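Examination of the molecular architecture
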Amino acid sequence: MSDSSSNAMWGGRFAAGPDAIMEAINASIGFDKRLAAQDIAGSRAHAAMLAAQGILRDSDAEAIREGLLTVLSEIESGSFQFSTALEDIHMNVESRLKEIVGEPAGRLHTARSRNDQVATDFRLWVRDQIDAAIGGVEALIRALLVQAEAGADWVMPGFTHLQTAQPVTWGHHMMAYVEMFSRDLSRFKDARVRMNESPLGAAALAGTSFPINRHMTAEALGFDRPMANSLDAVSARDFALEFLGAASICAMHLSRFAEELVIWSSAQFRFVTLSDRFSTGSSIMPQKKNPDAAELIRAKIGRIFGANVALMMVMKGLPLAYSKDMQEDKEQVFDAADNLMLALAAMEGMVKDMSANRPQLAAAAGSGFSTATDLADWLVRVLDMPFRDAHHVTGSLVALAEEKGCDLPDLTLEDMKSVHDAITEEVFGVLGVDNSVASRMSYGGTAPEQVRAQVARWKEVLG
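The structure presented is a predicted model; accordingly, all values stated were derived computationally and were not measured.

Turning next to the pairing of strand β1 (residues 155-160). By the bridge criterion, six bridges tie β1 to strand β2 (residues 163-169) in an arrangement that is antiparallel. Its bridge partner being in β2, M156 is matched across the sheet by V168. The hairpin formed by β1 and β2 contains two residues between the paired strands, and H161 there has a positive phi angle of roughly 60°.

Okay, the UniProt feature "domain: Argininosuccinate lyase C-terminal" (unreviewed entry) in the chain next. Feature annotation in UniProt assigns "domain: Argininosuccinate lyase C-terminal" (unreviewed entry) to the following positions: residues 369-438. Between the C-alpha atoms that bound residues 369-438 there is a distance of 17 Å. The span itself is 67% helix and 0% strand.

Before going further, it helps to examine the packing of aromatic side chains. For the coordinates displayed, the defined rule picks out 12 aromatic pairs. With a centroid separation of 6.4 Å and an interplanar angle of 90°, the aromatic rings of F122 and F334 are classed as edge-to-face. Residue F122 is located in helix α7 (residues 114-150), and its partner F334 is located in helix α13 (residues 331-353); the two are separated by 212 residues in the primary sequence. For F334, a relative accessible area of 3% puts it in the buried group. An aromatic cluster is defined as three or more aromatic residues linked by ring pairs; in this entry it consists of F159, W170, W264, F269 and F271. Above the face of the F334 ring, R34 is positioned so that its terminal group lies 4.9 Å from the ring centre. A cation over a ring is seen here: K330 above F122, with NZ or CZ 5.5 Å from the ring centre.

Further remarks concern the packing of helix α11 (residues 238-264) against α13. Packing of α11 against α13 leaves a shortest axis separation of 10 Å and a crossing angle of 35°. Between α11 and α13 lies a crossing of left-handed hand. Counted together, A240, F243, L244, A247, C250, A251, L254, F257, A258 and L261 of α11 and V333, A336, A337, L340, A343, L344, M347, M350 and V351 of α13 form the full contact between these two elements. A per-class count over the contact of α11 with α13 returns 19 nonpolar, no polar and no charged.

Taken as a whole, the largest pocket holds about 590 Å³ of empty space. Looking at the largest pocket, it is lined by 26 residues, and the ones nearest its centre are F159, H173, A176, Y177 and E260. Secondary structure elements with two or more residues in the lining of the largest pocket: β1, β2, α8 (170-195), α11 and α20 (448-462). In terms of residues, the lining of the largest pocket owes the most to one element, α8, which gives seven residues. Here the lining of the largest pocket is built from residues that sort into 12 nonpolar, nine polar and five charged.

Another point: the confidence of the model for the chain. The pLDDT averaged across the chain works out to 90; a share of 94% of its residues lies at or above 70. Taken as a whole, residues 1-10 scores under 50 in pLDDT and shows seven contacts with residues more than four places along the chain or in a different chain.

On to α11, then. Residue pairs three or four apart in sequence face the same way in an α-helix, which turns once every 3.6 residues. With 27 residues, α11 should cover 39 Å at 1.5 Å per step; its first-to-last C-alpha distance of 39 Å lies within 8% of that length. Among the 27 residues in α11, 19 count as buried, and that is most of the element.

As for its placement among the helices and strands, N92 is situated in helix α6 (residues 89-101). On the basis of relative accessibility, which here comes to 2%, the residue N92 falls in the buried class. In this structure, N92 is in contact with I29, F80, Q81, F82, S83, L86 and E87, ignoring residues within four places of it in sequence.

Conventions we followed
Residues numbered from 1 in each chain as written. Predicted model: local features only at pLDDT ≥ 70, side-chain atom pairs only at ≥ 80, totals over all residues. Heavy atoms only, no water. Pairing = 2+ DSSP bridges. Helix = DSSP H or I, 4+ residues; strand = E, 2+ residues; numbered from the N terminus. UniProt positions renumbered as here; feature names shortened; annotations may be inferred. Phe/Tyr/Trp six-rings, centres within 6.5 Å; stacked < 30°, edge-to-face > 60°. Buried < 20%, exposed > 50% of the residue type's maximum accessible area, 1.4 Å probe, protein only. Lys NZ or Arg CZ within 6 Å of the ring centre and 35° of its normal. Axes fitted to C-alpha atoms, helices over the stretch in contact; angles between N-to-C directions. Left-handed = near helix turned anticlockwise from the far one by under 90°. Contact = heavy atoms within 4.5 Å. Nonpolar A, V, L, I, M, F, W, Y, C, P; charged D, E, K, R; others polar. 1 Å grid on protein atoms, 1.4 Å probe; cavity = no way out; pocket = protein on both sides within 12 Å on 5 of 7 lines; lining within 4 Å. Points joined across faces, edges and corners; volume = space filled by probe spheres on them. pLDDT = per-residue confidence, 0-100. Expected span 1.5 Å × (residues − 1).

Written out as structure tokens, the structure reads:
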């Protein structure tokens, strides 16, 4: 095959041939430059430790420290020139450091490999993202608590199969999401504890013969301890997978809530009004107000869960210790973290701004024979009827109400007695939706008193 036809196969971007392709596939600076702050923090801790151990002269350590701060300042200001030829963030920083401080820069990599360096940088970055996610989830929970407290006694329909089931309260529904997101919170916090060990000092894979102090660098970087096995330290990426797993579950919860907001804000439901800040108009239909923010949150689960699957596939066949495959560990995590934080912020904004339509909620709560279970419970409690019999009697009364085109509370006592003669006037005391929700006083129930107790508990937990 001729060189010209060979070049044509590479395509325009790779007209220079295999060298261009190898540089493009090998370089990670296009995305791992996001690790700059973590890379420089790790290098500063490493240099300080080398000096403390007598491996590096104090003067060299000081030059490296000042030089790294200069590099960080250049990166933060946007004046730093990244080079694909230097492959990654580590070599870009080290190359610029050498330009600034000269020969001491070459001593920084003593007793260290890019393998433990990238493992440390990435672990630090994921830890920062977990902290950000914890803050985002907590902010969303606080917004939900405000809604729950305001609507602790606002009746609305509770659904199963998206069919009217029993009356609940707006506050109770909001608190269901508080509980969901609180579990996300605990997953992020739990993952943070488990991943907070330092790979730095594991070197390429076997440790180092230099008398380093891994406990010193671990402490300097906020880790609880060094990782106990050098092979594991450079090859483990389960900390990122655990973050993605927690992020996927959290995004799924966000998606479920977003789906409800899409349904609730429709003209058919009118349960909530979303603010203009989180809605858009139609280009052709002037009456439309689209819940675009909720719809986009609902879609984010695809990207976040996709990142989880992608990284799992990257890691599943890798023997110990480091393989270049692991360069593919970052882009998915970066994207997932960005989208999770965006979804959390958007949901918090929507929850803060949305208005519940209390009259519409109340009207819907009383439809669809939502107090049928209360009627059955009354037959059991007052008439000592077996529940299966009570279920049958209630079903007959529902059929009668359907035939008459009314709801259960609208049946007369004579109507009810025609189905079961022992029913008394007292039954009407349990058929109203307000009576129904007020009676659900079991722990975790929808009674306003229980909702307010749960709001108070969460306020105390969050401080």
